[in-house]
Amino acid sequence: MTDRLTIALAQMNQRVGDLAGNADRILALRKEAAGADLLMVPELQLTGYPPEDLVLKPEFVRRTMEAAERLVDATADDGPALLFGTIVSEGGANYNAMVLANHGRVLGRTFKRELPNYGTFDEKRVFASGPLPEPMEFNGIRLGVPICEDIWLEPVCAHLANAGAELMLVPNGSPYELDKDDLRQRLVRSRVVMTGLPMIYLNRVGGQDEIVFDGSSFIMHADGEVVVQMADWEEQLLMTEWARQGDGWTCLTREKRELDPYPADVYHAMMMGLRDYVQRNGFPGVILGLSGGIDSALSAAVAVDALGPDKVWGVMLPSKYTSDESLDDARECARLLGCRHDVIPIAPAVEALGQMVPDLNKLAQENVQARLRMVALMGLSNTHGPMLLTTGNKSEMSVGYATLYGDMAGGYSVLKDAYKTTCFALSRWRNRVKPGGALGPDGPVMPDNVITKAPTAELSPGQKDEDSLPPYALLDRMLEALIDKEMSVKETALATGADLALVSEIERKVLLAEYKRRQAPPGVKIGARNFGRDRRYPISNFFRTSK
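Residues numbered from 1 in each chain as written. Predicted model: local features only at pLDDT ≥ 70, side-chain atom pairs only at ≥ 80, totals over all residues. Heavy atoms only, no water.

Asks: Describe the overall build of the protein chain, with residues and values.
Replies: The number of helices and strands found in the protein chain is 16 helices and 21 strands. Here the protein chain has a C-alpha radius of gyration of 26 Å; the compact-globule value for 547 residues is 24 Å, and the two agree. If you line up the protein chain on its principal axes, its C-alpha atoms span 85 × 50 × 45 Å. Taking all 547 residues of the protein chain together, the buried fraction comes to 58%. Looking at the protein chain alone, contacts between residues at least 24 apart form 72% of all its contacts between residues at least 6 apart. Accessible surface, the protein chain as shown: approximately 21,900 Å² in total, 51% of it carbon and sulfur. (Helix = DSSP H or I, 4+ residues; strand = E, 2+ residues; numbered from the N terminus. Rg over C-alpha atoms; globule rule 2.2 N^0.38 Å. Buried < 20%, exposed > 50% of the residue type's maximum accessible area, 1.4 Å probe, protein only. Contact = heavy atoms within 4.5 Å. Areas by Shrake-Rupley, 256 points an atom, 1.4 Å probe, with all protein chains shown as cover.)

Spelled out as structure tokens, the structure:
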């Protein structure tokens, strides 16, 4: 029985489906962790997470198990043992598993029992639930390995503790969302108090389509004290030293990294989500319509910080309604960011379409402008290769204040889950602070006028957003209640102080715009109820809470 243990924690990025690449990276970190007794990596690190319906493809599962065998074989040398996440296919069922390997053989396996099936998760669709897991023995120590969701409910941790586990090692694939750090630590504190055992909470970093993983791994002692806090938004390999003291194990390592407060955390999530999406899908950069408004300015800033100014192309597409103020603001945004800026008037195309279809009504004439801008931007994208970045925010998407096949078109949206008031907060913050890892400028990224002027689509003379919508400060409170908290019209009116009839109208707009949102591009998840993976409403829907 050993009284000392060195566990290397690998807070890693991933590439879903890249079995060889993920295995190579695990083995590279194993070499880097020389001297450790054990290297631990996150949940399903070999396949990437979430693998979604790849798990339903037999060839994918077969190759995953071959790659897992390669990892097991690699432990035949004198390096650290491996605790890694993979898929195990057994008895006609596929399991989300952790495998413990050392000296070229499997020492133990555990299958995830509690399969999340809400929000961004649909694991019951692709995995079978495992039995209550037993501790795995390593160097004379009984390790409990509950996998992610296994700690969100009591039975697995309680069972492992009763079965004699001495230390809990929890591999995770826990996506970022607002206030998630506090939620995780409150949860883990309840489990360590219940079991009397210290817990390692290991999470991954990186973007995967709409979700972003923030890392923020930590170690909590049995008394609820966080003794190790790893970084957020960074890959990190940390060697942790453990000693048996009395009847239990104590982590001797101390590491306290500061985690991002709001809105820095949101901005970092946007940067990471966009960077990994663009790079992994093979785009050389992004192109976007730079209108002189706050949404396009913020989108451009995130893109420059994530990808670098040389990979961002802003195009101003003025119509006859575009003000000189907007032209100047767009030009200044591009100058501050150091990215390419072009001006391509759409007036000739608008005039040509007017001749083709002369009887368009006012709304159609407005939407034609947005759609012609999309045609121009997609033409440039097709010709030169950069992905079209969409710039609409969650407030607009909620109520349908966006043009289908116009400003909604594109490959990705960093603001998809950001309400307008969040966009204001992010823009003010970024003009004061350059986030860690950003490739953009040290100073302001947009002129103050972009933030302070009244928002407008400039599709008709003198148009302002608040001609059609309530003030954003009120609108966003109503939307958060109706969408994020699923409140009724009456409850929303009481919570926000808004007029009942106004809330009822906003609910109507939200529900009617569902068909538009189904055709929107993916975008970074920020809150608890993003459009797409979290919130799945029928398009043809006759239920209203106002009735």
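Resuming the write-up.
Asks: Could you give an account of the UniProt feature "binding site: ATP" (unreviewed entry) in the protein chain, naming the residues involved and the relevant values?
Replies: When the UniProt feature table is mapped onto this chain, "binding site: ATP" (unreviewed entry) is found at G289, L290, S291, G292, G293, I294, D295, S296 and T391. With the annotated positions falling across 103 residues, the maximum pairwise C-alpha distance of 11.8 Å places them together in a single cluster. Structurally, the position occupied by G292 is in the loop between β17 (286-289) and α6 (294-307). Since its relative accessible area comes to 1%, G292 is described here as buried. Beyond its immediate sequence surroundings of up to four residues, G292 is in contact with S326, D329, A330, V450 and K453. (UniProt positions renumbered as here; feature names shortened; annotations may be inferred.)

Asks: Can you tell me about the sheet that holds strand β19 (residues 340-343), naming the residues and giving the values?
Replies: The strand order across the open sheet built from five strands is β19-β18-β17-β20-β21, with neighbouring strands paired in parallel fashion. The strands lining the two open edges of the sheet, one partner per strand, are β19 and β21 (412-413). Strand direction decides the pairing type here: β17 and strand β20 (residues 387-390), joined by two bridges, are parallel. Bridging across to β20, V286 finds its partner in M387. (Pairing = 2+ DSSP bridges.)

Asks: Please set out the sheet that holds strand β3 (residues 81-90) residue by residue, giving values where relevant.
Replies: Pairing within the open sheet is mixed, and its seven strands lie in the order β5-β4-β3-β2-β1-β14-β15. The open sheet has two edge strands, β5 (105-111) and β15 (248-251), and neither has a second partner. Averaged over all pairs of adjacent strands, the angle between strand axes in this sheet comes to 35°, irrespective of strand direction. Pairing analysis gives four bridges linking strand β14 (residues 236-245) to β15, with the strands arranged antiparallel. By the bridge assignment, W242 is partnered in β15 with C251. Lying over the sheet, helix α2 (residues 58-74) contacts β3, β4 (93-102) and β5, oriented at roughly 155° with respect to β3. (Axes fitted to C-alpha atoms, helices over the stretch in contact; angles between N-to-C directions.)

Asks: Give me the environment of G140: which residues, what numbers.
Replies: Residue position: G140 is located in the loop between β6 (136-138) and β7 (141-144). A residue is classified by how much of its surface remains accessible, and G140, at 26% relative accessible area, is partly exposed. Sequence separation between G140 and T2 is 138 residues; the distance between their C-alpha atoms is 6.3 Å.

Asks: Please give an account of unusual backbone geometry that cites residues and values.
Replies: Of note, the bond from Y49 into P50 is cis; its omega dihedral lies within 30 degrees of zero at -5°. Note that P50 resides in the loop between β2 (38-40) and α2. The linkage connecting Y262 with the following residue, P263, adopts the cis geometry, with an omega of 0°. Relative to the assigned elements, P263 resides in the loop between β16 (255-256) and α5 (264-280). Its identity as a non-glycine residue notwithstanding, S216 has a phi of 60°, on the positive side. One non-glycine residue, Y405, adopts positive backbone phi at about 65°. Take Y405: it is sitting in the loop between α10 (394-399) and β21. Accessibility expressed as a relative area gives 46% for Y405, which makes it partly exposed.

Asks: I'd like a description of the pairing of β7, backed by residues and values.
Replies: Pairing between β6 and β7: three bridges, direction antiparallel. Of the residues in β7, the one forming a bridge with E137 is R142. Where β6 folds back onto β7 in an antiparallel hairpin, the turn is made up of two residues, including N139, whose phi is positive at roughly 50°. Bridge count for β7 against strand β8 (residues 167-171) is two bridges, and the pairing is parallel. Across the sheet, residue L143 finds its bridge partner in β8, namely L167. At this point the chain moves from β7, through helix α3 (residues 154-162), to the parallel β8, and the crossover so formed is right-handed. (Right-handed = clockwise from strand over helix to strand, strands pointing away.)

Asks: With reference to specific residues and values, describe the environment of F542.
Replies: If you trace the backbone, F542 turns up in the segment after α16 (514-517). Among the residues examined, F542 registers a relative accessible area of 73% and is labelled exposed. On a C-alpha basis, the gap between F542 and L107 in space is 56 Å, while along the polypeptide they are 435 residues apart.

Asks: How would you sum up the side chain of T120? Please name residues and give values.
Replies: Its place among the elements puts T120 in the loop between β5 and β6. On the basis of relative accessibility, which here comes to 5%, the residue T120 falls in the buried class. The contacts of T120, once residues within four sequence positions are left out, are P175, I211, K525, R533 and D534.

Asks: Can you break down the UniProt feature "domain: CN hydrolase" (unreviewed entry) in the protein chain residue by residue, with the values?
Replies: Using the residue numbers shown here, the UniProt feature "domain: CN hydrolase" (unreviewed entry) corresponds to residues 5-244. Taken end to end, residues 5-244 is 23% helix and 32% strand, and its first and last C-alpha atoms sit 9 Å apart.

Asks: Residue-level account of the nonpolar core, with values.
Replies: In this structure, M270, L274 and L389 are the most contacted members of the largest nonpolar core, which totals 50 residues. If you list the elements that add at least two residues to this core, you get α5, β17, α6, β18 (312-316), α7 (324-337), β20, α11 (420-432) and α12 (448-452). Formed jointly, this core draws a minimum of three residues from each of two domains, domain 1 (4-256) and domain 2 (263-465). Among the nonpolar cores identified, the runner-up in size contains 38 residues, and V61, A67, L82 and F111 belong to it. (Core = buried A, V, L, I, M, F, W, Y, C linked by side-chain atoms within 4.5 Å. Domains from an automatic or database assignment.)

Asks: Kindly report on the packing of helix α13 (residues 472-484) against helix α14 (residues 489-496), identifying the contributing residues and their values.
Replies: Two elements in contact, α13 and α14, have axes whose closest approach is 9 Å; the angle formed by their N-to-C orientations is 135°. By the angle class used here, α13 and α14 are oblique. The two elements α13 and α14 meet at a crossing, and its hand is right-handed. In contact with L474, R477, M478, A481 and L482 of α13, α14 contributes V489, T492 and T496. Partitioned by chemical class, the residues of the contact of α13 with α14 number five nonpolar, two polar and one charged. (Parallel < 35°, antiparallel > 145°, perpendicular 65-115°, else oblique. Left-handed = near helix turned anticlockwise from the far one by under 90°. Nonpolar A, V, L, I, M, F, W, Y, C, P; charged D, E, K, R; others polar.)

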